[in-house]
Amino acid sequence: MVQEIFTRTILSQKKDAPSLPCAFELRIRRTLRIMAFNGSEVHTTLPSSPWRTIMIKRILCPQDFSPYSTAALEFACALAGQHNASIGGLVILDHQGIERSIGPIPAGGLHYADLQIAELEKQTEAKIRGLLDQFRANCERAGVRHFESERQGTPAANIVQESVFYDCVTVGLRTFFEYSASAGEDQVFGNADDHPGKSLDEIIQHSVVPTFAVPLGWKPVERRLRVLIVFNGSVASVRSLHEFTNFFTPESAKVTVLTACPDSTQGHFLLDQVDAYLKCHGFADTRKEWTQANVRDAMADGFSDQADLIVLGAHSKTLLLDFMVGSVCKDLITRATTPLLIVH
């Protein structure tokens, strides 16, 4: 019965759009599950229910010494409050980064190098303890459950390994976990001379859970979130759509779906399917936007500035969205103005 109704839906769409390519049609059939069935009835909208607010239970929020990390923690606290979840604070001693910081060791200088490394590690450990104290204070102020852990080694690798046991990761849109990362000569974060690390790229590429990347100075809004879902029918964008419905309720978010496609028929077909999927999850007032232009141009023209959160998929090991050309994900990370929900 389910297959029969789904097939009729595809055939109906095909009748209206005879030029729709078979490969495109098959990809939609494989990746989208757009309807909820109860016997022979098809429900286009579902009321909100209590289970939707308890899907997320553990949030990993790695800490560094930058205000980006503070913003990420505030975002994590807001998310934890919505889901009655707990936050895991993770700090990492970048031992290899400390060793590299002292540079080449001259002949006979190994002993003094070891002393210098030990002193730098001692200083860093003291800063880490202060960072954990600040993490605990912020979580208690927000009234959310929390716990802490410490690791040594490469920051990104440790975060990815730890994330397996969490529902999501929240980090800053710029990360400073590496010992060599800094605010630059002016010692002020958020300026062009920042020297951030590359942990965010590594986390997105290798983590099996969604990543929230948060801009500097983020604060919660006193209204429904304006969410922009960037969708193209690929597996990564479908996963990001599904994850979005796990994290947010219709009461908490107002959704716009954007697709960029040279063919109007294909673009509107995608939008209709996403709209049907979201309606099944209770999102009844979805706004649909199709553009024939490159999606990067749409973002650059200020489309993303209207959003409180952008949801998108990242592909393979390149952070490339499978639109016409270019890396939308990297563009948005570089701009660092809007929180992102990124699903690999």
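This text follows the structure it describes.
Quick notes on the rules
- Residues numbered from 1 in each chain as written.
- Predicted model: local features only at pLDDT ≥ 70, side-chain atom pairs only at ≥ 80, totals over all residues.
- Heavy atoms only, no water.
- Buried < 20%, exposed > 50% of the residue type's maximum accessible area, 1.4 Å probe, protein only.
- Helix = DSSP H or I, 4+ residues; strand = E, 2+ residues; numbered from the N terminus.
- Pairing = 2+ DSSP bridges.
- Axes fitted to C-alpha atoms, helices over the stretch in contact; angles between N-to-C directions.
- Parallel < 35°, antiparallel > 145°, perpendicular 65-115°, else oblique.
- Left-handed = near helix turned anticlockwise from the far one by under 90°.
- Contact = heavy atoms within 4.5 Å.
- Nonpolar A, V, L, I, M, F, W, Y, C, P; charged D, E, K, R; others polar.
- Core = buried A, V, L, I, M, F, W, Y, C linked by side-chain atoms within 4.5 Å.
- Expected span 1.5 Å × (residues − 1).
- Polar contact = N/O pair within 3.5 Å; in protein donor to acceptor, adjacent residues only side chain to side chain.
- Phe/Tyr/Trp six-rings, centres within 6.5 Å; stacked < 30°, edge-to-face > 60°.
- Lys NZ or Arg CZ within 6 Å of the ring centre and 35° of its normal.

Asks: I keep staring at the pairing of strand β4 (residues 86-93) and nothing clicks. Help me out?
Replies: Along any regular strand, the residues point their side chains to alternate faces of the sheet. Of all eight residues making up β4, eight are buried, and the element is well covered by its neighbours. Side-chain alternation along β4 places Ser86, Gly88, Leu90 and Ile92 on one buried face and Ile87, Gly89, Val91 and Leu93 on a second face that is also buried. Taken together, the five bridges between strand β3 (residues 58-62) and β4 define a ladder with parallel strand orientation. Across the sheet, residue isoleucine 59 finds its bridge partner in β4, namely isoleucine 87. When β4 meets strand β5 (residues 145-152), the two strands line up parallel, connected through eight bridges. Across the sheet, the residue bridging to glycine 88 is phenylalanine 147, located in β5.

Asks: Quick question: what am I supposed to make of the packing of helix α8 (residues 235-247) against helix α9 (residues 264-280) here?
Replies: Axes are the key here: two packed helices are described by the angle between their axes and the distance separating the axes. Contact pair α8 / α9: the axes reach a minimum separation of 11 Å and the direction vectors enclose 25°. Overall, the two elements α8 and α9 adopt an arrangement that is roughly parallel. Like other packed secondary-structure pairs, α8 and α9 cross with a definite hand, here right-handed. Taken together, the residues of α9 that come into contact with α8 (itself represented by Leu241, His242, Phe244 and Thr245) are Val274, Tyr277 and Leu278. Its residues placed into classes, the contact of α8 with α9 shows five nonpolar, two polar and no charged.

Asks: Looking at this structure, I do not really get the nonpolar core. What am I missing?
Replies: Where a protein is soluble and globular, its nonpolar side chains tend to be buried together. The biggest cluster of nonpolar side chains holds 41 residues, and the ones touching the most others in it are Ile59, Ile87, Phe212, Ile229, Phe244, Phe248 and Leu278. By residue number, the principal contributor to this core is helix α3 (residues 67-83), which donates eight residues. Ranked by size, the runner-up nonpolar core spans 31 residues in total, among them Val169, Leu200, Ala213 and Leu228.

Asks: Even after reading the chapter, I still don't get α9, so can you show me in this structure?
Replies: Side chains that are three or four residues apart share a direction in an α-helix, a result of its 3.6 residues per turn. In a regular helix each residue adds 1.5 Å, so 17 residues correspond to 24 Å; α9 covers 24 Å between its end C-alpha atoms and thus fits that length. Among the residues of α9, those classed as buried are Gln266, Gly267, Phe269, Leu270, Leu271, Gln273, Val274, Asp275, Tyr277, Leu278 and Cys280. At the N-terminal end of α9, a side-chain oxygen is found 2.9 Å from the backbone nitrogen of threonine 265, two or three residues along, and the residue is aspartate 263. Downstream of α9 by one or two residues, glycine 282 has phi in the positive range, about 95°.

Asks: Would you explain the side chain of serine 240 in this entry?
Replies: Along the chain, the position of serine 240 falls in helix α8. According to the relative accessible area criterion, serine 240 is buried, its value standing at 0%. In this structure serine 240 touches Val311, Leu312, Gly313 and Val343, once residues within four positions along its chain are discounted.

Asks: I would appreciate a short explanation of the packing of aromatic side chains in the present structure.
Replies: How two aromatic rings sit relative to each other is given by the distance of their centres and the angle of their planes. Under the defined criterion, the tally for this structure stands at ten aromatic pairs. On the basis of an interplanar angle of 75° and a centroid distance of 6.4 Å, the ring pair of phenylalanine 212 and phenylalanine 248 is categorised as edge-to-face. Pair noted here: phenylalanine 212 is in strand β7 (residues 211-214) and phenylalanine 248 is in the loop between α8 and β9 (253-260), with a separation of 36 residues, a long-range link. Residues phenylalanine 212 and phenylalanine 248 agree in their burial class; the two are buried. Over the ring of tyrosine 166 we find arginine 58; its NZ or CZ atom is 4.4 Å from the centre of that ring.

Asks: When you look at the sheet that holds strand β8 (residues 225-230) in this model, what are you seeing that I'm missing?
Replies: Adjacent strands of a sheet pair through backbone hydrogen bonds, lying either parallel or antiparallel. Spatial strand order, β5-β4-β3-β6-β7-β12-β11-β8-β9-β10: ten strands in an open sheet with mixed pairing. Across the chains shown, the open sheet's two edge strands, defined by having one partner strand only, are β5 and β10 (287-291). Across this sheet, the average inter-strand angle for adjacent strands is 20°, counted without regard to direction. With five bridges joining them, β9 and β10 adopt parallel strand pairing. Bridged to threonine 256 within β10 is arginine 287.

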